[in-house]
Number of protein chains: 2
Amino acid sequence: MADKKFHVKVTVTLKNGVLDPQGKAIEGALGSLGFDGVGSVRQGKVFDVNLNAASKKAAQEVVSDMCEKLLANTVIENYAVEVNG
Amino acid sequence: MADKKFHVKVTVTLKNGVLDPQGKAIEGALGSLGFDGVGSVRQGKVFDVNLNAASKKAAQEVVSDMCEKLLANTVIENYAVEVNG
């Protein structure tokens, strides 16, 4: 039964080689603000999902499924799922 | 001297109490896709910043400054800075 609460953190980032214009814009803006030594900036998304599941493993599987179907575009993005009891 | 490379992960999330329509939309979409037991979803942003700094502490301070000035809207958002050597 789905009776335990889990807090799951999902991080979705662009794959290497995929252009990130937003990250480039931030790099430029940081330079304009006087920050030196900035190599590169990549922007991604993070989702905090609270859900009920039978076990930590079940929560991990359900959220991975969510990523495949909705949260990430797996053609250009990677995702990482981190389940906290 | 700014000679060491650091990889810094910045996570920016909405403060509690701030409405998150995007998160609400994702909750609804997950329900439509048949995912049960989803309590709440909050969306945030993540930035991967590569920079050169004199020390881990210096990198932390520089990136916190970036958050205050550009990366986060501190009126409605919290930020967390995680420096990896």
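This text follows the structure it describes.
Position numbers for residues start from 1 in each chain and track the written sequence from start to end. Starting at A for chains and at 1 for ligands, labels are handed out in the order in which the entities are written. Local features are withheld for residues below a pLDDT of 70 in this predicted model, meaning they are given only at 70 or higher, and side-chain atom pairs are given and counted only at 80 or more; totals for whole chains, interfaces and linings count all residues. To obtain the side-chain values, all non-hydrogen atoms of the structure were included, while hydrogens and water were left out.

As for the relation of the copies chain A and chain B
No. 1: For the least-squares superposition of copies, only C-alpha atoms count, and only for residues with pLDDT at least 70 in both. Expressed as a screw operation, the relation of chain A to chain B combines 0.0 Å of axial shift with a rotation of 180 degrees, fitting to an RMSD of 0.0 Å. Considering both components of the superposition, the chain copies are consistent with a two-fold axis. Among all C-alpha atoms of chain A, that of K45(A) lies closest to the rotation axis, at 2.2 Å.
No. 2: When the interface residues of chain A are mapped onto chain B, 100% of them are again interface residues, pointing to one common binding face. Pairs of residues are marked as contacts when any of their non-hydrogen atoms sit within 4.5 Å.

Description of the environment of F6(B)
No. 1: Counting through the fold element by element, F6(B) comes out in strand β1 (residues 4-14).
No. 2: Apart from residues no more than four positions distant in its own chain, F6(B) is found in contact with V49(B), N50(B), L51(B), A53(B), S55(B), K56(B), A59(B), V83(B), N84(B) and G85(B). Helix and strand assignments come from DSSP, with helices taken as H or I runs of at least 4 residues and strands as E runs of at least 2, each series counted from the N terminus.

Some thoughts on the environment of E77(B)
Residue and element names in this part refer to chain B.
No. 1: Locating E77 in the fold gives a position in strand β3 (residues 77-84).
No. 2: Put simply, E77 and V12 are 65 residues apart on the chain and 6.4 Å apart in space, counted from C-alpha to C-alpha.
No. 3: Excluding residues within four positions of it along the chain, E77 makes contact with V12, T13, L14, K15, K45, L71 and A72.

Regarding the pattern of salt bridges
Residues and elements named next belong to chain A.
No. 1: One side-chain nitrogen of Lys or Arg within 4 Å of one carboxyl oxygen of Asp or Glu is enough to make a salt bridge. Within this structure, the stated rule accounts for 8 salt bridges over all chains.
No. 2: Two residues, K57 and E61, come together in a salt bridge whose shortest N-O distance is 3.4 Å. You can see K57 and its partner E61 sitting in helix α2 (residues 56-71), 4 residues apart, about one turn around the helix.
No. 3: For D65, the salt bridge goes to K69, with nearest N and O atoms at 3.5 Å.

Let's talk about the interface of chain A and chain B
No. 1: Chain A puts 31 residues into the contact, and the matching count from chain B is 31 residues.
No. 2: Our count for the contact surface shared by chain A and chain B stands at 0 salt bridges.
No. 3: At the level of secondary structure, the elements contributing two or more residues to the side of chain A that touches chain B comprise β1 (4-14), α1 (21-32), β2 (38-53) and α2 of chain A.
No. 4: It is β2(A) that contributes the most residues to the side of chain A that touches chain B, 15 residues altogether.
No. 5: The residue classification treats Ala, Val, Leu, Ile, Met, Phe, Trp, Tyr, Cys and Pro as nonpolar and Asp, Glu, Lys and Arg as charged. All others, Gly included, are polar. When its residues are assigned to classes, the side of chain A that touches chain B shows 16 nonpolar, 9 polar and 6 charged.

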